[in-house]
Structure formats: structure tokens, C-alpha cells
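Given next are the chains, with one letter for each unit.
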Amino acid sequence: MASQASKRSAQERRAQIEKMRAEQARKDRQRKIYFGIGAGALVAVLVAALVALGLSKSNSSTPANNSNQTPNALAQTWDGLTGQTVDGVSAQTSEQLVYHIHAHLAIYVNGTQKAVPGGIGITQPWQTSQQQDGSAFIDGGKQIYYVHTHDSSGIIHIESPTQTTYTLGQVFAEWNQPLSETQVGPATGSVIAYVNGQKYTGDPSKIQLTPHAVIQLNVGKDVAFAPFSFPSGL
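Cut-offs and rules
Residues numbered from 1 in each chain as written. Predicted model: local features only at pLDDT ≥ 70, side-chain atom pairs only at ≥ 80, totals over all residues. Heavy atoms only, no water. Buried < 20%, exposed > 50% of the residue type's maximum accessible area, 1.4 Å probe, protein only. Helix = DSSP H or I, 4+ residues; strand = E, 2+ residues; numbered from the N terminus. Pairing = 2+ DSSP bridges. Core = buried A, V, L, I, M, F, W, Y, C linked by side-chain atoms within 4.5 Å. Phe/Tyr/Trp six-rings, centres within 6.5 Å; stacked < 30°, edge-to-face > 60°. pLDDT = per-residue confidence, 0-100. Contact = heavy atoms within 4.5 Å. Salt bridge = Lys/Arg side-chain N within 4 Å of Asp/Glu carboxyl O. Polar contact = N/O pair within 3.5 Å; in protein donor to acceptor, adjacent residues only side chain to side chain.

Each regular strand carries side chains that alternate between the two faces of the sheet. Burial within strand β14 (residues 214-219) is extensive, with 6 of its 6 residues counted as buried. Neither face of β14 is open: one carries V214, Q216 and N218, the other I215, L217 and V219, and all of them are buried. Bridge analysis of strand β12 (residues 191-195) against β14 gives 5 bridges, and the strand direction is antiparallel. Residue pairing in the sheet places I192 in a bridge with N218 of β14.

Set out below in C-alpha cells:
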């Protein structure tokens, strides 16, 4: 009897040990699974972070980006400016703010508005940044003429070391585009000009860039004058 009891006791111990081993093996498997999931999640997080960092860098200000093309522009910015005086307008390596005013130009060809590109009067390579609407803003370049544009809003910046009266024709000279009573850039036809809501008679290239002058050129179809509100601070 004692032998049988001893035998049963040994079997019970072996069964208990096997049960403990099985439980330990189950826990080990769970740890491996959890570790694998955790490691995979960590890798995914790291990859996502690296991608976000790369996108952030790509969306930041970028120097020497000269491939900016203005959609629906009358003509793209001329890349032939060298810093030499153009039609009486000089350039320097930085903006000159002794005389600092702004005007606005809108152009319509047969009733369709055409954009005035940024970068007129700014020599390449450009330094650009992105505006809230996604369009490019040309912060600067190798040299900046006293009359120039930073973006496609139509705003003309006059920033000169002396108080000088500049004209619309000088803007077109920096743009390397013709301007007359029968032609605006590549568009030809009868040209009707407005300045601050009043019809302008004569050569549109002689229109003066006075503080907050709002200029509209219509080629072909006469479009009603559209007022323009300058942003705060300009």
C-alpha cells in the first residue's frame, strides 16, 4: 500500500511540474508576441516620425528655387536680369527703404484676368518661402531693383534710397515685356487703362507709380474697374 501511495504521489508531482512548465511556456509565448507587437509599433512610429521630419524640411523656406511658375501669368518672370540699371532703375543687394510705397496692377486680356508674376526686378537665384494660400513668396535674390514684385498678388513694391517717381513702363522693362497703347506683354489689341477708377488717356507706360495707385490694364474687351484693398501695413 505504501508503495502504491508513493507511486501516486510521484505521479501527482510530475503532473504538477508538467502543468507548471506548460504555464511557463504559455507566458513565454505571450511575452514574445507582446514584444513583437511592441517592437513593430515602435518601428512604425519611428518611420512615421522620419517621414514627417522629411516633409517638414521640404516645406520650409528653400534657397535658389527658380522653378516657380506663376499659373495664368501674362508672361513668366524674365530671368535675364543681371543687376545692371534697367530703364533708369538700379539694383542693390538689399532693399532700400528710404522711400517705400506700393501700387497694384491688374491685367485683363479679352475679359480674362492674367497674373503678374512675382520676382520681377529680383535677380536670381531667389530665396523663396510659402504663403498661407500655398503660393510662393520671393523673399530676395542676388540683387533687388528699386521697383519689384514679391508674389503674384499684383502688388508692386517701390523701395528706393531716394524719393523718386517711377512708372509702369519701368516695371515692364524689368519684366522684359512691351507696353503701349496697343500691346501689353504678348497680348495685342486696344489697351484701355484705369488708374484709381478713372480712365487714363495716353501711353500706359507713362502711368506713375504713386502711393496706393490701383492700375488696371484691359486688352481688347473693356472690363469694369475692380478696386483693390492693400493689406494692412502696406
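Membership of the largest hydrophobic core comes to 36 residues, with the highest contact counts inside it found for L168 and L209. Counting residues per element, this core draws most heavily on strand β3 (residues 99-109), which supplies 6 residues.

Time to look at the packing of aromatic side chains. All chains considered together, the criterion is met by 3 aromatic pairs. Pairing F172 with W175 gives two aromatic rings, centres 5.1 Å apart and planes at 50°, and the pair type is tilted. Taken together, the positions of F172 and W175, both in helix α2 (residues 168-175) and 3 residues apart, correspond to about one turn of that helix. Of the two residues, F172 and W175, neither departs from the other in class, the shared state being buried. On the numbers, 5.1 Å between centres and 90° between planes, the contact of F228 with F230 is edge-to-face. Classification of F230 as buried rests on a relative accessible area of 16%.

As a further point, take the pairing of strand β6 (residues 136-140). By the bridge criterion, 4 bridges tie strand β5 (residues 127-130) to β6 in an arrangement that is antiparallel. When the bridges of β6 are listed, T128 appears paired with I138. In sequence, β5 turns back onto β6 through a hairpin of 5 residues, with G134 there showing a positive phi of about 90°.

In this section: the confidence of the model for the protein chain. As a general rule, the predicted coordinates of low-pLDDT regions are not to be interpreted in detail. When pLDDT is averaged along the protein chain, the result is 83, and 71% of the positions lie at 70 or above. Between residues 50-66, whose pLDDT stays under 50, and residues either more than four places distant or in other chains, the model counts 15 contacts.

This paragraph deals with the pattern of salt bridges. Taken as a whole and judged by the stated rule, the model has 1 salt bridge. Between D222 and K199 there is a salt bridge whose closest N-O contact spans 3.9 Å. Taken together, the positions of D222 in the segment after β14 and K199 in strand β13 (residues 198-200) put the pair 23 residues apart, joining distant regions of the chain. Classification of D222 as partly exposed rests on a relative accessible area of 36%. Owing to a relative accessible area of 54%, K199 belongs among the exposed residues under this scheme.

With respect to the element layout, T149 can be found in the loop between β8 (147-148) and β9 (155-160). Among the residues examined, T149 registers a relative accessible area of 1% and is labelled buried. Within the structure, the side chain of T149 is placed 2.8 Å from the backbone oxygen of P117, a separation counted as a polar contact. Excluding anything up to four places from it in sequence, T149 contacts P117, G118, G119, I120, I122, I155, I156 and H157.

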